[in-house]
Amino acid sequence: MKEMLYDAQEQAPSLEDTVASIVDRYFTKFDETFFQFCDKELTKINTFYSEKLAEAIRKYANLKSELDASRQLQTTHGLRRRKHIQGILKRDQDYKVAVSHTRKIHDLKLAFSEFYLSLILLQNYQTLNFTGFRKILKKHDKLIITESGAEWRQGHVEAAVFYTSKDVERLIGETETCFTTELEGGNRQKAMKRLRVPPLGDQQNPWTTFRVGLFSGVFLVLVVVAVMTAFFTNHESSWKPALRMYRGSFLVILCLFLLGINTYGWRSSGVNHVLIFELDPRNHLSHQQLLEVAGGFSVLWGISVLCYLFSDYIYIPVFASPLALVGFIVLYVINPFRILHHKARFWLLKLLWRIATAPFHYVGFADFWLADQLNSLTMVLLDFEYMVCFYAFEVDWLAKTGNDGVCIHTHPSLAIRAFVACLPAWFRFAQCLRRYRDTRHRFPHLVNAGKYSTSFFVVALSAINGHYKVDHGEDAIQSNPFFYLWVVAAFISTCYTLTWDIKMDWGLLDKNAGENRFLREEVVYAYKGYYYFAMVEDLILRFAWTLTVTVGESGFLHNELLKTILASLEVFRRFVWNFFRLENEHLNNCGQFRAVRDISVAPIDASDQDLLITMMDEEDGVTNRHKGDKRKWGTRKKKDTTLNLERVEEEQEEM
């Protein structure tokens, strides 16, 4: 709309070349066109606002109905809170009702939080559009030297439904009152603390950014020094045990670093991981903090590796360094003091406990998501098992060698390692059975459990294959039937998991995808190439195990080095998987973990709103700030799209 004003001013006849009446007729004709365009935009804004308001009223009525039904259920069954006889209640029907009611209240709190956020967005929509009209009409009067813009604003904009309506303000007040009285026991401070939080507005700390950069630079230097040192020090007899012990901690640090990138991608693209993971909106780790923790541990990892390489020169036992590193990481996680991200660490420990006791707990999104991460970190568990065995039975503190064989190439060790390798798959298998028990839905939960059960066959056949090699030698592959059975089982498991990744976890290959061919109807990330790349990448890395059959069995690359490469690639595959799994959950609530489906794609916070208002005063006006950086914005293809910042910007741009 500013361009219309500037073009009209530039193309207007000059008073020096023509009479004033012609100039007046030119601007009168322009005003007619300009105000017709304003009226068209005003109608569009009113229509959009009315649709969203009607949707909000329906949602509020549904939430109230759900809340009333929950309260009625509580009254009907006469819930009793008798913690001292909880063991008796577990055998009573009232206990089951109490557990169900507690979970229902928790879901309703999340649903009200999401709904409250949508109301705040709609209120911002009102403010921004009125401000946009006021500023553009003020500029119109200033450039054309008239008062028709102010008159049009008073007659049309100030009388428009989106400006005069107080329904959103009323709904906000009713939501706050209902949430306070019904869900927080009248504690308004606690209620508003939960409601009035912008879930994606992470504040960046410059010192945290500095530390991330510092740790990254120091780590790169340490890696270069370690690589150069490895060529000039002799650790030929101890490098394999050291590799196994350093590999696990490296994979954990790599996973944490990539999770920081995941968090940044979700936040910048509008995938609301805060609500999906049910995190405390006021107190959770940002992407900067995750990168900082990963950077700090990477520096410690690099220092520990150098201590191992220079152990002869600094007079410490060669295997003391990896033990100290892992010990420090474990102490950091279980540290009971309220320092060093205390809440985040105990949130993690709580989830790990729930995963370890999966059949006995309700399974939330964060529970199964973290268990999936553990399935990609199986090598970490195996390396930790090896470390325990090594320091218990093999280590010689005064020598530079370890008796490589007791913890790897014996029948008991192969059995123990097979048990450890099955644990991540068992956790997810048990969670799927628990989900079936809670929902009684055979699909997808039993089918998903079947997917994880294939891992048991793969691990079992791999262990039997290892036993066969111990008894008959490494060269007996041609006569080893268990090797071929393992290959067949691994192929079937890989096809199963690959199909589930793409079709179920990501929701792609939807036949109703429309113009998003082979994808789905709604996508968040801007470039479709991201999705096609992810599908091809998942296919390649899912079948990366075939390298153990070709490269590994041929002896072209040492088996431990190959395992390290494949484990790192699996962590990277899970990193890519995280982006699209969270996106699918965000858009479609495919796991049915949330009480309602709708979460806004990109909530507008105070800084964004102030920036938009400031940009209205600039010469170029408000343009889509992310056209040049499409990575930050996705597209919503459904008619019933959620209000988001991009839509607000487009509305302003058209003005």
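Criteria and thresholds
- Residues numbered from 1 in each chain as written.
- Predicted model: local features only at pLDDT ≥ 70, side-chain atom pairs only at ≥ 80, totals over all residues.
- Heavy atoms only, no water.
- Helix = DSSP H or I, 4+ residues; strand = E, 2+ residues; numbered from the N terminus.
- Buried < 20%, exposed > 50% of the residue type's maximum accessible area, 1.4 Å probe, protein only.
- Areas by Shrake-Rupley, 256 points an atom, 1.4 Å probe, with all protein chains shown as cover.
- Disulfide = S-S within 2.5 Å.
- Expected span 1.5 Å × (residues − 1).
- Salt bridge = Lys/Arg side-chain N within 4 Å of Asp/Glu carboxyl O.
- Contact = heavy atoms within 4.5 Å.
- Axes fitted to C-alpha atoms, helices over the stretch in contact; angles between N-to-C directions.
- Parallel < 35°, antiparallel > 145°, perpendicular 65-115°, else oblique.
- Left-handed = near helix turned anticlockwise from the far one by under 90°.
- Nonpolar A, V, L, I, M, F, W, Y, C, P; charged D, E, K, R; others polar.
- Core = buried A, V, L, I, M, F, W, Y, C linked by side-chain atoms within 4.5 Å.
- Polar contact = N/O pair within 3.5 Å; in protein donor to acceptor, adjacent residues only side chain to side chain.
- pLDDT = per-residue confidence, 0-100.
- 1 Å grid on protein atoms, 1.4 Å probe; cavity = no way out; pocket = protein on both sides within 12 Å on 5 of 7 lines; lining within 4 Å.
- Points joined across faces, edges and corners; volume = space filled by probe spheres on them.
- Patch = residues over 30% accessible without salt bridge, like charges linked within 9 Å, V, L, I, M, F, W, Y side chains within 5 Å.
- Phe/Tyr/Trp six-rings, centres within 6.5 Å; stacked < 30°, edge-to-face > 60°.
- Lys NZ or Arg CZ within 6 Å of the ring centre and 35° of its normal.

## Thoughts on the overall build of the protein chain
Line of reasoning, step 1. Scanning the protein chain from terminus to terminus reveals 25 helices and zero strands.
Line of reasoning, step 2. Sorting the 655 residues of the protein chain into buried and exposed places 50% on the buried side.
Line of reasoning, step 3. Accessible surface for the protein chain amounts to roughly 33100 Å². Of this, 61% is attributable to carbon and sulfur atoms.

## Notes on the state of the cysteines
Line of reasoning, step 1. Tallied over the entire structure, the rule returns one disulfide.
Line of reasoning, step 2. The disulfide partner of Cys 389 is Cys 407, and the gap between their sulfur atoms is 1.9 Å. Between Cys 389 and Cys 407, the S-S torsion sits near -85°, and that sign places the bridge as left-handed. Within this pair, whereas Cys 389 is found in helix 17 (residues 378-394), its partner Cys 407 is found in the loop between helix 17 and helix 18 (411-439), the two being separated by 18 residues in sequence.
Line of reasoning, step 3. Its relative accessible area of 0% is what places Cys 407 among the buried residues.

## Looking at helix 7 (residues 167-183)
Line of reasoning, step 1. In a regular helix each residue adds 1.5 Å, so 17 residues correspond to 24 Å; helix 7 covers 23 Å between its end C-alpha atoms and thus fits that length.
Line of reasoning, step 2. Looking at helix 7, one finds that the buried residues are Val 168, Leu 171, Ile 172, Thr 175, Glu 176, Cys 178, Phe 179, Thr 180 and Leu 183.
Line of reasoning, step 3. Gly 185, located one to two residues past helix 7, shows a positive phi value of around 60°.

## A short note on the pattern of salt bridges
Line of reasoning, step 1. For the coordinates displayed, the defined rule picks out 25 salt bridges.
Line of reasoning, step 2. One salt bridge connects Lys 109 with Glu 184, and the closest N-O pair in it is separated by 3.6 Å. Remark: Glu 184 occurs in the loop between helix 7 and helix 8 (188-195) and Lys 109 occurs in helix 4 (residues 93-144); sequence separation between them is 75 residues. Across the pair, exposure class does not vary: Lys 109 and Glu 184 are buried alike.
Line of reasoning, step 3. With its nearest N and O atoms 3.1 Å apart, the salt bridge here joins Asp 367 to Arg 354. With Asp 367 in helix 16 (residues 365-376) and Arg 354 in helix 15 (residues 342-356), this pair connects stretches of sequence that are 13 residues apart.

## Brief notes about the environment of Leu 5
Line of reasoning, step 1. With respect to the helices and strands, the residue Leu 5 is situated in helix 1 (residues 2-11).
Line of reasoning, step 2. Using a relative accessible area of 3% as the deciding quantity, one classes Leu 5 as buried.
Line of reasoning, step 3. Beyond its immediate sequence surroundings of up to four residues, Leu 5 is in contact with Phe 30, Phe 34, Ile 136, Lys 139, His 140, Leu 143 and Ile 144.

## Points about the packing of helix 10 (residues 239-269) against helix 17
Line of reasoning, step 1. Where helix 10 contacts helix 17, the two axes come as close as 9 Å, and the packing angle between them is 140°. In terms of orientation, helix 10 and helix 17 fall into the oblique class. The handedness of the crossing between helix 10 and helix 17 is left-handed. For the pair helix 10 and helix 17, contact is made by Pro 241, Arg 244, Met 245, Arg 247, Gly 248, Leu 251 and Val 252 and by Met 379, Val 380, Asp 383, Tyr 386, Met 387, Phe 390 and Tyr 391, respectively.
Line of reasoning, step 2. Residue composition of the contact of helix 10 with helix 17, grouped by class: 10 nonpolar, one polar and three charged.

## A short note on the environment of Arg 517
Line of reasoning, step 1. Looking at the secondary structure, you find Arg 517 in the loop between helix 20 (481-505) and helix 21 (528-542).
Line of reasoning, step 2. Measuring from C-alpha to C-alpha, the distance between Arg 517 and Tyr 532 comes to 9.9 Å, with 15 residues separating the pair along the chain.

## Here's the deal with the nonpolar core
Line of reasoning, step 1. Ranked by size, the top nonpolar core spans 53 residues in total, and within it Trp 266, Phe 277, Trp 369, Trp 506, Tyr 525, Phe 580 and Leu 582 carry the most contacts.
Line of reasoning, step 2. Top contributing element to this core by residue count: helix 23 (residues 559-588), with nine residues.
Line of reasoning, step 3. Not counting residues up to four positions away in its chain, the partners in contact with Trp 369 are Leu 259, Trp 266, Phe 277, Trp 577, Asn 578 and Leu 582.
Line of reasoning, step 4. Formed by 46 residues, the second largest nonpolar core is a distinct cluster that contains Met 1, Leu 53, Leu 122 and Tyr 125.

## Describing the side chain of Arg 153
Line of reasoning, step 1. With respect to the helices and strands, Arg 153 occurs in helix 5 (residues 148-157).
Line of reasoning, step 2. Reaching out from Arg 153, the side chain makes a polar contact with the side chain of Glu 158 at a distance of 2.5 Å.

## Considering unusual backbone geometry
Line of reasoning, step 1. Residues Phe 443 and Pro 444 are joined by a peptide bond in cis, for which omega reads 10°.
Line of reasoning, step 2. As for its position among the elements, Pro 444 is in helix 19 (residues 442-472).
Line of reasoning, step 3. Backbone geometry at Glu 278 places phi at a positive 55°, although glycine is not the residue there.
Line of reasoning, step 4. Relative to the assigned elements, Glu 278 resides in the loop between helix 11 (273-276) and helix 12 (287-309).
Line of reasoning, step 5. The exposure class assigned to Glu 278 is partly exposed, which follows from its relative accessible area of 28%.
Line of reasoning, step 6. Its identity as a non-glycine residue notwithstanding, Tyr 315 has a phi of 60°, on the positive side.

## Some words on helix 9 (residues 206-230)
Line of reasoning, step 1. When the terminal C-alpha atoms of helix 9 are compared, their 36 Å separation across 25 residues agrees well with the 36 Å that a helix rising 1.5 Å per residue should span.
Line of reasoning, step 2. Among the residues of helix 9, those classed as buried are Thr 208, Val 212, Phe 219, Leu 222, Ala 226 and Thr 229.
Line of reasoning, step 3. Residues of helix 9 that are buried make contact with helix 12.
Line of reasoning, step 4. Capping the start of helix 9 is the job of one residue whose side-chain oxygen sits 2.9 Å from the backbone nitrogen of Trp 207: Asn 205.

## A look at the confidence of the model for the protein chain
Line of reasoning, step 1. Looking at the protein chain as a whole, its pLDDT mean stands at 83, while 82% of the residues score no less than 70.
Line of reasoning, step 2. Across residues 622-655 the pLDDT falls below 50, and counting only partners more than four positions away or on other chains, this stretch makes 105 contacts in the model.

## A look at empty space enclosed by the protein
Line of reasoning, step 1. Summed over the entire model, instances satisfying the criterion amount to two cavities of 30 Å³ or more.
Line of reasoning, step 2. Taken as a whole, the second largest cavity holds about 70 Å³ of empty space.
Line of reasoning, step 3. Of the residues in the lining of the second largest cavity, the class split is six nonpolar, four polar and one charged.

## Side note on a nonpolar patch on the surface
Line of reasoning, step 1. On the surface, a nonpolar cluster with roughly 600 Å² of combined accessible area is contributed by Val 224, Val 227, Met 228, Phe 231 and Phe 232.
Line of reasoning, step 2. Relative to the helices and strands, Phe 232 resides in the loop between helix 9 and helix 10.
Line of reasoning, step 3. Exposure remark for Phe 232: the relative accessible area of 67% places this residue in the exposed category.

## Quick word on the packing of aromatic side chains
Line of reasoning, step 1. In this structure the tally under the stated criterion is 40 aromatic pairs.
Line of reasoning, step 2. Each ring, one from Phe 491 and one from Phe 543, has its centre 5.9 Å from the other, and the planes form 50°; the classification is tilted. On the criterion of sequence distance, the pair formed by Phe 491 in helix 20 and Phe 543 in the loop between helix 21 and helix 22 (546-554) is long-range, its members being 52 residues apart.
Line of reasoning, step 3. A connected cluster of aromatic rings, assembled from ring pairs, spans Trp 506, Tyr 525, Tyr 531, Phe 572, Phe 575, Phe 579 and Phe 580.
Line of reasoning, step 4. Positioned above the aromatic ring of Tyr 386 is the side chain of Arg 244, whose terminal nitrogen or guanidinium carbon lies 4.9 Å from the ring centre.
Line of reasoning, step 5. Sitting over the face of the ring of Tyr 332, Arg 345 holds its NZ or CZ atom 5.7 Å from the ring centroid.

## Section: the side chain of Asp 31
Line of reasoning, step 1. The topology assignment puts Asp 31 in helix 2 (residues 20-77).
Line of reasoning, step 2. Among all residues touching Asp 31, those that are not within four sequence positions of it are His 140, Ile 144 and Ser 148.

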